[in-house]
Every structure is written in structure tokens, then in C-alpha cells.
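Residues per chain, in single letters:
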Amino acid sequence: MIKYIIRLDDITSWMNWDNFSKMKKIFNKYWIKPIIWVVPNNRDDYLKRFDWVSEDKFWEKIKELYKNWWVIAQHGYEHINITSDSWLLKINNRSEFSWLPYEKQLERIKKGKEILENKVWNWYKVKMFMPPDHSFDKNTLKALKTLWIEYLTDWFWLYPFTKYWIKFLPQQLWSFRNSLYWIKDWYATICLHLDEINSNDEKFFEKVEDFIRRNRENIINWEDIFQLDYTNTFFKKMKNYLFDKYLRILLFGFKILKKVRW
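The residue count restarts for each chain, going from 1 along the sequence in the order it is written. Where totals are concerned, whole chains, interfaces and linings use all residues; where local detail is concerned, this predicted model gives features only for residues with pLDDT of at least 70, and gives and counts side-chain atom pairs only at 80 or more. Side-chain descriptors were evaluated using all non-hydrogen atoms of the structure, hydrogens and water having been removed beforehand.

**A word on the nonpolar core**
The test is simple: Buried residues of nine kinds, namely Ala, Val, Leu, Ile, Met, Phe, Trp, Tyr and Cys, make up a nonpolar core once their side-chain atoms join them within 4.5 Å. Each residue is placed in one exposure class: buried if its accessible area under a 1.4 Å probe, protein chains only, is under 20% of its type's maximum, exposed if it is over 50%, and partly exposed if it falls in between. Contacts: residue pairs with any heavy atoms within 4.5 Å of one another.
Counting 61 residues, the largest nonpolar core has Leu8, Ile11, Phe20, Ile36, Val38, Ile62 and Ile212 as its most contacted members. Residue contacts for Phe20: discarding those within four places in its chain leaves Leu8, Ile11, Met15, Leu65, Trp70 and Leu194. Core analysis: the next-biggest nonpolar cluster, separate from the first, contains 13 residues, Ile5, Met130, Leu169 and Ile225 among them.

**Remarks on the packing of helix α1 (residues 17–29) against helix α2 (residues 55–67)**
Test applied: In this analysis, axes come from line fits to C-alpha atoms, helices being fitted only over the stretch in contact, and the angle between any two N-to-C directions falls in the range 0 to 180 degrees. The numbering of helices and of strands both runs from the N terminus, where a helix is a DSSP run of H or I of at least 4 residues and a strand a run of E of at least 2. Working definition: roughly parallel below 35 degrees, roughly antiparallel above 145 degrees, roughly perpendicular at 65 to 115 degrees, and oblique for all remaining angles. Left-handed is the label given to a crossing in which the near helix is rotated counterclockwise from the far helix by less than a right angle, and right-handed is the label when the rotation is clockwise. Note on residue classes: Ala, Val, Leu, Ile, Met, Phe, Trp, Tyr, Cys and Pro are nonpolar, Asp, Glu, Lys and Arg are charged, and everything else, Gly too, is polar.
Packing of α1 against α2 brings their axes to within 14 Å, and their N-to-C directions diverge by 15°. Judged by the inter-axis angle, α1 sits roughly parallel to α2. The hand of the α1/α2 crossing is left-handed. Touching Trp17, Phe20 and Lys24 of α1 are Phe58, Lys61, Glu64 and Leu65, all from α2. Taken together, the residues that form the contact of α1 with α2 break down as 4 nonpolar, no polar and 3 charged.

**Quick notes on the environment of Glu223**
Counting through the fold element by element, Glu223 comes out in helix α6 (residues 222–225). When the C-alpha atoms of Glu223 and Glu55 are compared, they prove to be 29 Å apart, with 168 residues separating the residues in sequence.

**Things to note about the packing of aromatic side chains**
Definition in use: Paired rings are identified among Phe, Tyr and Trp, the last through its six-membered ring, by centres lying within 6.5 Å, and are further divided according to the angle between planes into stacked (under 30 degrees), edge-to-face (over 60) and tilted (the rest). Only when the NZ of Lys or the CZ of Arg is both within 6 Å of the ring centre and within 35 degrees of the ring normal is a charge said to sit over the ring.
Scanning the entire structure with this criterion turns up 23 aromatic pairs. An angle of 70° between the planes, with centres 5.8 Å apart, marks the rings of Phe27 and Trp70 as edge-to-face. You can see Phe27 sitting in helix α1 and its partner Trp70 sitting in the loop between α2 and β3 (71–74), a full 43 residues away along the chain. Of the two residues, Phe27 and Trp70, neither departs from the other in class, the shared state being buried. Among the aromatic residues, ring-to-ring pairing joins Trp17, Phe20, Phe27, Phe58, Trp59 and Trp70 into one connected group. Directly above the aromatic system of Tyr46 lies the positively charged group of Arg49, at a separation of 3.9 Å from the ring centroid.

**Considering α2**
Short version of the rule: An expected span of 1.5 Å times one less than the residue number is assigned to each helix. When we speak of the arc, we mean the arc of directions from the helix axis to the C-beta atoms.
End to end, α2 covers 18 Å across 13 residues, agreeing with the expected 18 Å (1.5 Å per residue, within 8%). Among all positions in α2, only Phe58, Trp59, Ile62 and Leu65 are buried. Projection of α2 onto a plane perpendicular to its axis shows the buried side chains occupying an angular sector of 115°, all on one side. Residues of α2 that are buried sit in contact with β1 (3–11), α1, β2 (35–38), β3 and α3 (102–120). Phi for Trp69, located one or two positions after α2, is positive at around 75°.

Spatial relationships are all this shows, so hold off on functional conclusions.
Put into C-alpha cells, the structure is as follows:
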């Protein structure tokens, strides 16, 4: 049985608020509590394409979501490209953190963490982190450990696991689907970038609601995410490793086909 986790990326005061409102309405209807990845101090011009709301209003919205049990997670610090290497996952050749010295990474993550914790709620503590562009290295993970951030949602694996002192919640999908070819039993994190969705595409939101309605009992909310089994067993590690290789071969094949087509 597939278990689904839903996350919304690139949450900023400049994001597509129309899409966010539509998605929020669906989530509230079915009592879905997603993970939202908030950029603490957005300096990425690409994420400033839509109407801006004031900082005070933005953080009031985030605080309201937190009080309604949405999971507020830290998405980098400024969401900018500083280096040109993804390091561990090797997905994108850009990063806000990879290859920076440990002290510099610690400083940036700490600043973002302090912003979130001060703006969201007095007793709120950042537990989850996601670097922009899936790009991080061992110094990133060391800094997270130093700052008592326990979870990172990334990696192309099937099951939650622990690696380099951090608990990983893998992320493998960018759309709603009931299975991934032959795989029927896994934890699927679905990542949505609301800024990339056409606000006039009502069929998209209808498909989202239809998927949630049909799979509601298999969608994991906040209280379950932190109680998943993150231990490393032999069979879990083998399945994770094989799936990672399988998916990377597929992605490599898609890149080759794209080059040939052009």
C-alpha cells in the first residue's frame, strides 16, 4: 500500500496566492495537513514573479497555517545560487550550500532558522529542512545536526531512512499518481511548485481533488510523519539502493532523449 506525503515548495510572500488559495481550500475540505517549505529570506528574483503581500501579512498567514497543524519547514535561507555543484544527489549544477565551508553553511542555516522560529510562533522549533535545488553536502548535514534539525526531505529512495546523522523523508514525485510503474508499497512524497501551475487550469485542481478523495486514507498528516520508521534495515537499504539506481537510469535516459530531440 502506497502512503503519500504532500509538500508545497517555494513558499514566499511573492508566490502565486491564487493557486495557494485553491489548494488550501481542497486541503481543508479533506483535512489534509501538508508540509510547506518556507523560504525565510527570499532573494531569488525568479520567485518574485507574482503579486507581493507585505511581510507582516505573509507571516500572519504562515502562523495561521501552523496553528491549523500544517508542517512549517525551512527551505534554505535566501534561495540563491552560490556554487555550481549539487554534490550528494547530483541532480542540479547549482546550490545555495554545497561546497561552502561548514561555518558558512551553519551561519546561513542558523539565520533562516531564527527567522522562522521568531516569525511563526513563540514555541515553534524548526524540525525539517530542504535545501534549494536538492543540493547539499556533508557539511550541510553536519550543520543541521548542530542546530538540532532532525529531518531532511530529499533523496530518490522508497522508504524513510537515517544517513549522516539525519532522518530522511525521500521525495520522488512532482505530480499525483497512484503508482510508479511496478512499485506498489512505498512512501511517496509529492512535491508541488504552485508558481509553475497555470491558475486558469481548473482541470488540474479537479484532478488534485479527485486524487485526494480517492486516496485520503493513505495520505499521511503531520502527526504521522514524525512517527515513521527511519531505521535502516538490510532489506530497506537494498530496496532503496536499487530504486535509486533505477530512477537515475530513467532520468539519464530522458536527458539523452531530450538532447536527441533537439
